[in-house]
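What follows is the residue order along each chain.
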Amino acid sequence: MGVNGALLAIDAGNSKTDVAVVARDGTVLGEARGGGFQPPVVGVETATDRLAEIVGRAWEAAGGEGSPPRFAHVAACLANADLAVEEEGLKAALEARGWSRSVQVRNDTFAILRAGIDEPRGVAVVCGAGINCVGMTPDGRTARFPAIGKISGDWGGGGGLADEALWFAARAEDGRGGPTALARTLPAHFALPTMYALIEALHLGHVPPARKHELTPVLFRTGAEGDAVARALVDRQAEEVVAMASVALGRLGLLGEEAPVVLGGSVLAARHPLLDGRIRELLAVKAPKAVVRVVTAPPVLGAGLLALDAWGDGPEAAARLREHYA
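What you see is a predicted model, and the numbers here were worked out from it, not measured in a lab.

A. Broad picture of the pattern of salt bridges. One pass over the full model with this rule turns up 17 salt bridges. For K91, the salt bridge is made with E95, and the minimal N-O distance between the two is 2.5 Å. Taken as a pair, K91 and E95 lie in helix α3 (residues 84-95) at a separation of four residues, close to a single helical turn. What makes E95 partly exposed here is its relative accessible area of 34%.

B. Examining helix α8 (residues 215-224) more closely. With seven of 10 residues buried, α8 is to be regarded as a mostly interior element. Turning to α8, its buried residues number three or more, namely L215, T216, V218, L219, F220, T222 and G223. As for α8, its buried residues are in contact with α5 (157-174), α6 (182-189), α9 (228-251), α10 (266-269) and α11 (273-286). Count one or two residues on from α8 and you reach G226, which has phi positive near 105°.

C. Examining unusual backbone geometry more closely. The phi dihedral of N80 falls on the positive side, at around 70°, and the residue is not glycine. Relative to the assigned elements, N80 resides in the loop between β4 (73-78) and α3. Looking at N80, the relative accessible area reads 18%, which means it is buried. At R271, a position not held by glycine, the phi torsion is positive, near 55°. Tracing the sequence through the fold places R271 in the loop between α10 and α11.

Cut-offs used in this document
- Residues numbered from 1 in each chain as written.
- Predicted model: local features only at pLDDT ≥ 70, side-chain atom pairs only at ≥ 80, totals over all residues.
- Heavy atoms only, no water.
- Salt bridge = Lys/Arg side-chain N within 4 Å of Asp/Glu carboxyl O.
- Helix = DSSP H or I, 4+ residues; strand = E, 2+ residues; numbered from the N terminus.
- Buried < 20%, exposed > 50% of the residue type's maximum accessible area, 1.4 Å probe, protein only.
- Contact = heavy atoms within 4.5 Å.

What follows is the structure, given as structure tokens:
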């Protein structure tokens, strides 16, 4: 099958970008991977320049020559497209590239949702570095949250959990708070003797700030060993996941009927027994008909399925695309 008139699927996260050129029958013609998509850091023009380079490599991998032609449709699921105004600005930037007259831009959480459901109907909660939730229905309705941190009411995610664990551990060690084993397990992860030593190491950069995310699994292990403070943080994260999912289901009119709730992102995909079990327990109360699924498929699959939803050849095309990424 030729590359002209193909579909372009983009999943551009903060840390990496995957691009696929997909035929309308679901055949993957070419793929490429590159760095993260961070318009707030480098600017929209530079970010789309870098995205264009990855698209070019995917086009070449598909057997194309020269500049990519006009694709039939572009489905782009992009990090940092959290607000409607950001989606509109990024859509304009992609349209300016001339890749297609049909460009769809969504937050990258929609890629994870679509990868985890058989039709565009359901809700996804993604808990990685941060936390986000989106939902969709076949008639085009969506539910979402701003998901830009504490100012939009968010709590948790890997980064937030690490910060909370450090806060309780610091106060436990110096006497401002109650006891918790986190005061021992967190510094021990970095082979340090005390919380004071860890605070100093983080403050002075001896332990790079990016390594704080390593403390989230330590938090879960400490909770599994019976520490009350760690378990309370895990419970709070479960409550936040269920609150987002149940509100999104309600907005879409799906709360009273069987509907998938997809869990994704590094924190949820790890399926920590305490967190996973508590989420299911709380959902059974708040949304008893929800069907919980954990998705581990690459999000670019979801972007490709969104493209096929708009321009594909039906269920057989979606099945062929899923088979490629199985």
